[in-house]
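Secondary and tertiary structure notes
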Amino acid sequence: MQSFADRSRVLTYQSCPRRRYFEYEIQTGGEVGGVRPVRLDMNLLLGSTFHAGIEILLTHAMCFPSCPIDDNGTDEAVSYALNGGGDWTGYWPSVKSMGLQLEAEEDASYVYYEQAALAEALIRGYAAFVLPDLLARFTVVDVEREEVGTFVLGDYTLKFGARVDGILLEKDSLNIYVLSLKTAKEWGKRDDDSARHDMQGLSECRVVEQRLQGWHKLMEGSETDLAEVPAWFRDRYKAGAPPLVTGVKMEFALKGRRENSPKGSGHYKYNNPLIRPWKKADDLGGDSYAISYEFQDPMGGNHRLGKGWNRVNIWEDMGVKKWIDYLMTHEVQGFEPGRGVMNQFILPVEYFRNAEDMDRWERQVVAQERIIAKGKKEISLGVVGGVIKLPQTPETFEAGLDEHFPMHTKACDWPTKCSFQEVCFGPKAYLHDPISSMLYQIRVPNHKTELNS
Ligand code: SF4
């Protein structure tokens, strides 16, 4: 028995097994199992758009310093993220063809432009503030590579897919780090603790290490198969470095909260100063901008912005590109140049991963996925409670789901409304045919590797 999984579906199962079934497993006649809502989740789309832009920046950075990042590199990254190219559909083509999941009263046009501005601001902010320091310490040796790890437990094989944002080689130590970028609403101690225990660090380290160990073996063997081993790894091998990943470098781009604005209107707007800073009304003194409503003066006195200051949509004002440039080069509200951008990125020290943690991850995930593969097989064969019940009826199908993919109703409304509520609590017919509701469509695989596994 063999099956494919990745971090998202492992976590989805742990949140709600029923959701895992609908999102990834139900057979629909598509290339892979699972269905997705017809409309797009704005958080997922923003995350994908941001990653698409960073992929271009990091690809440019792979040849740093011979071809350093410049404005053109950043413009190209923004254009690719928003308009697409290659395998990436692009933000605008996606929202124009599918739309976003929004509350009834929301202004779709406003939300589309605000999301585009946020993605652009985070990409430009990353290029201006985060990337130069990253490149001073690390060499980017790989970007967005599709990896597949193989894990065996008895007669079961798990193919585990991972798309790693980047692989970093620390210049001084030759240590290898997996780069993991995320967008987050905000940041606090709980987020830091959670990142420390995040499975991504473990799963990606283990999968990348399988590849490094393969290269290491090739280096130890004959000279004939070395074409696939990159020069940086050969140099590292010759220096005596082991084929191990030291840890994960996580970087977080903060989106800010979406708040009801004006209160009670049903319209939501971001409170992120990269796209919605404060601006002083023209008749009160012209073009003054602020990045924080509350602030301290150099003597430690607390202040608030006074009369005449209002939030402004920067994409309708000076534009995102000019605003990020302005923030990087000018003092704003008494804050040093760059502070407004810096506040929107969290760059924790690297999280180190040890072999014991990774072994534990492997045992648990392989065992979990074997149970899922077995459950799926029993449902398809009409086995309920260990007994074959054919022909299968809607009742026996639901009994199989209850047995192997129980509903964790605690996850129905928190942290966000689950997009499968219509299947779970709607007409029974949706249970085995969600697409008939017209609310869902066949899932297209995120990882190309899923098709071959
Ligand atoms: S609606 Fe609730 S029970 Fe159904 S898949 Fe979502 S979280 Fe699970």
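The written sequence of each chain sets the order in which its residues are numbered from 1. Only residues with pLDDT of at least 70 get local features here, since the model is predicted, and only at 80 or more are side-chain atom pairs given and counted; chain-wide, interface and lining totals rely on the full set of residues.

Quick look at the overall build of the protein now. In terms of regular secondary structure, the protein is built from 16 helices and 18 strands. Expected size for 453 residues packed as a compact globule is a radius of gyration near 22 Å; at 24 Å, the protein falls within 12% of this value. Residues counted as buried form 31% of the 453 residues belonging to the protein. Two residues qualify as a contact pair if the distance between their C-beta atoms, derived from the backbone, is within 7 Å. A fraction of 70% describes how many contacts in the protein between residues 6 or more apart in sequence connect residues 24 or more apart. Helix and strand assignments come from DSSP, with helices taken as H or I runs of at least 4 residues and strands as E runs of at least 2, each series counted from the N terminus. As defined in this context, the radius of gyration uses C-alpha atoms, and a globule is described by 2.2 Å times the residue total to the power 0.38. Once C-beta atoms are placed from the backbone, each residue is buried if 20 or more other C-beta atoms lie within 10 Å of its own, exposed if 12 or fewer, and partly exposed for counts between those two.

Placing a C-beta atom from the backbone of each residue, we mark the residue near a molecule or strand if the atom is within 6 Å of it. Taken together, Cys-16, Arg-18, Arg-19, Met-407, His-408, Thr-409, Ala-411, Cys-412, Cys-418, Phe-420, Gln-421 and Cys-424 make up all the residues around the ligand. Among the elements of the structure, α2 (17-25) and α14 (421-425) are those that each provide at least two residues to the shell around the ligand. The residue inventory of the shell around the ligand, partitioned by class, reads 7 nonpolar, 3 polar and 2 charged. The nonpolar class holds Ala, Val, Leu, Ile, Met, Phe, Trp, Tyr, Cys and Pro. Asp, Glu, Lys and Arg form the charged class, and all remaining residues, Gly among them, are polar.

Turning to the pairing of strand β5 (residues 176-184), a few remarks are in order. At least two bridges found by DSSP between two strands are what make those strands a pair. Both strand β4 (residues 156-170) and β5 contribute to a ladder of 4 bridges, which runs antiparallel. The residue of β5 that forms the bridge with Ile-167 is Val-178. Taking the residues that link successive antiparallel strands as the turn, the β4-β5 hairpin has 5 residues, and the phi of Leu-174 there is positive, at about 65°. Looking at chain direction, β5 and strand β6 (residues 247-254) are connected through 8 bridges and run parallel. By the bridge assignment for β6, Tyr-177 is matched with Gly-247.

A separate point is the domain arrangement of the protein. One frequently used descriptor of interface size is the decrease in accessible area upon assembly of the parts. These domain boundaries are the output of an automatic or database domain assignment. Looking at the assigned domains, one finds that the protein contains domain 1 (1-37 + 356-448), domain 2 (38-254 + 347-353) and domain 3 (273-343). Each of domain 1 and domain 3 has a C-alpha centre, and these two points are 47 Å apart.

Let us look at the packing of helix α6 (residues 108-137) against helix α10 (residues 320-329). Only the contacting stretch of a helix is used when fitting its axis, a line to C-alpha atoms as for every element, and angles between N-to-C directions run 0 to 180 degrees. At their nearest, the axes of α6 and α10 sit 10 Å apart, and the two run at 35° to each other. When you trace α6 past α10, the crossing you get is right-handed. Counting all contacts with α6, which are made through Ala-117, Glu-120, Ala-121, Arg-124, Gly-125 and Ala-128, the residues of α10 involved are Val-320, Lys-321, Ile-324 and Met-328. Here the residues of the contact of α6 with α10 are counted per class, giving 6 nonpolar, 1 polar and 3 charged. Definitions for this section: a left-handed crossing has its near helix turned counterclockwise from the far helix by less than a right angle. A right-handed crossing has that turn clockwise.

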